Amino acid sequence: MTDGQTFSISRRMMLTGGAAAMLAGCGRSGPRPLYSNDTHPEEYPTVQAVKEMARLLRERTGGRLDIKIFAGGQLGSERDTLEITTFGGLDMNRVNLAPLNSIEPLTAIPSLPFLFRSTEHMRRSLDGAPGERILGSLEPHGLIGLCYYDSGERSFYNSRQPILTPEDMNGMKIRVQNSDLYVAMIKALGADATPMSLGEVYQSLVQGVIDGAENNWPSYESGRHFEAAQYYSLTRHVMAPEVLVMSASRWRKLSEEDRATVKQAAKDSVPYMRTLWDQRVADARERLLASGVEANEVEDLSQFVERMRPVWDRFVVSDEQKQLVREIEEMASE
Ligand code: GTR
């Protein structure tokens, strides 16, 4: 049993209790809005995208359907709030695919290192049949996949030195998301993987508990990780997207018509998110470089690709997963 699955009843009750207490404080007259969680702060593109979805819902239902967002990780980590969402304690959640890896094996596919060749390839695959299939695979786990949002390219950052080859990472302690796939990727590079939630990373970097982590420019900036880890090395090893999910139990309480409206509003918030995202990446990068971050390109990525290849063999095991990989690879040059 993986870490993600060993979730004790008492912990569930504690979390549900905590979240319920917070959520109870939001009482208002009229129908209750859908409660949605996000680990990022208010102004982050994922939060703004769900706000846009809420606006579309209000507009299209005369205010009957709405969303209240709990931003900034106030309800807990992605993994914990995801558990709450699966058993209906939260209506919606915007998370990365990583915490879903231990719940549904198909979600590991877009998280494979160096799978997507470009942003266009990633968007095409997720907007198309492969993406739809992964969203659909969440339902038996109590979740309805509504849409994907961009998360850009993840690269390594650390407090010691620029990374040019995997050898430069030897013995480094690197924080990863709570996913066995990410742990395996770091080990394959010869570094030590430390899984922890995003909210713990800044302190851990400052205190030297970890030497570095990996993320996109906007998260590197918004978590202030750059203050403690100034070397950002552009390995661009993963392009796993964000995903917006709804609890299946809440979904089942909606009428057919409302389900279609919710799904459509989520889909319609995607282009809005992508525009915000592209701008945010460019702005974050510019601000970080101006503030003294030392970024470097990695001229030869082949060693990283080679070292991480066994991770594919370990996490792509079922025929369904293999088929998904083939389909996504075929979409590389459309
Ligand atoms: C961010 C992502 C978050 C979370 C975070 C992390 O890029 O938007 O959902 O997954 O990375 O590293 O924990």
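The following paragraphs examine the structure supplied in this document. (Residues numbered from 1 in each chain as written. Predicted model: local features only at pLDDT ≥ 70, side-chain atom pairs only at ≥ 80, totals over all residues. Heavy atoms only, no water.)

### Details of the nonpolar core
And then number 1: Residues Leu100, Ile109, Leu112, Met169 and Val243 are the most contacted members of the largest nonpolar core, which totals 48 residues.
And then number 2: Contributing elements (two or more residues each) for this core: helix H4 (119–127), helix H5 (129–136), strand E4 (143–149), strand E6 (173–176), helix H6 (180–188), strand E10 (242–247), helix H11 (302–315) and helix H12 (319–330).
And then number 3: Ranked by residue count, the leading element in this core is H6, at six residues.
And then number 4: Setting aside chain neighbours within four positions, we find Val243 in contact with Asn93, Arg94, Val95, Asn96, Leu97, Leu100, Leu135, Cys147 and Tyr148.
And then number 5: Listed in part, the 29 residues of the second largest apolar core include Leu56, Ile144, Trp251 and Val270. (Core = buried A, V, L, I, M, F, W, Y, C linked by side-chain atoms within 4.5 Å. Buried < 20%, exposed > 50% of the residue type's maximum accessible area, 1.4 Å probe, protein only. Helix = DSSP H or I, 4+ residues; strand = E, 2+ residues; numbered from the N terminus. Contact = heavy atoms within 4.5 Å.)

### Section: the packing of aromatic side chains
And then number 1: The final tally for this structure, using the stated rule, is eight aromatic pairs.
And then number 2: On the basis of an interplanar angle of 35° and a centroid distance of 4.4 Å, the ring pair of Tyr157 and Tyr220 is categorised as tilted. Of this pair, Tyr157 sits in strand E5 (residues 154–158) while Tyr220 sits in helix H8 (residues 217–222), and the two are 63 residues apart along the sequence.
And then number 3: Under the relative-accessibility criterion, Tyr157 is labelled buried at 1%.
And then number 4: Centroid distance Tyr157 to Tyr232: 6.0 Å. Interplanar angle 20°. Geometry classified as stacked. Here the residue Tyr157 occupies a position in strand E5, and Tyr232 occupies one in strand E9 (residues 231–238), the gap between them amounting to 75 residues. (Phe/Tyr/Trp six-rings, centres within 6.5 Å; stacked < 30°, edge-to-face > 60°.)

### Quick look at the side chain of Asp91
And then number 1: Along the chain, Asp91 falls in the loop between helix H3 (78–86) and strand E3 (92–96).
And then number 2: Of note is the side chain of Asp91, whose polar atom sits 2.8 Å from the side chain of Arg32.
And then number 3: Within the structure, the side chain of Asp91 is placed 2.7 Å from the backbone nitrogen of Tyr35, a separation counted as a polar contact.
And then number 4: The residues touching Asp91, leaving out its near neighbours within four places in the chain, are Arg32, Pro33, Leu34, Tyr35, Thr85, Val245, Met246, Ser247 and Arg250. (Polar contact = N/O pair within 3.5 Å; in protein donor to acceptor, adjacent residues only side chain to side chain.)

Geometry only, nothing functional implied.
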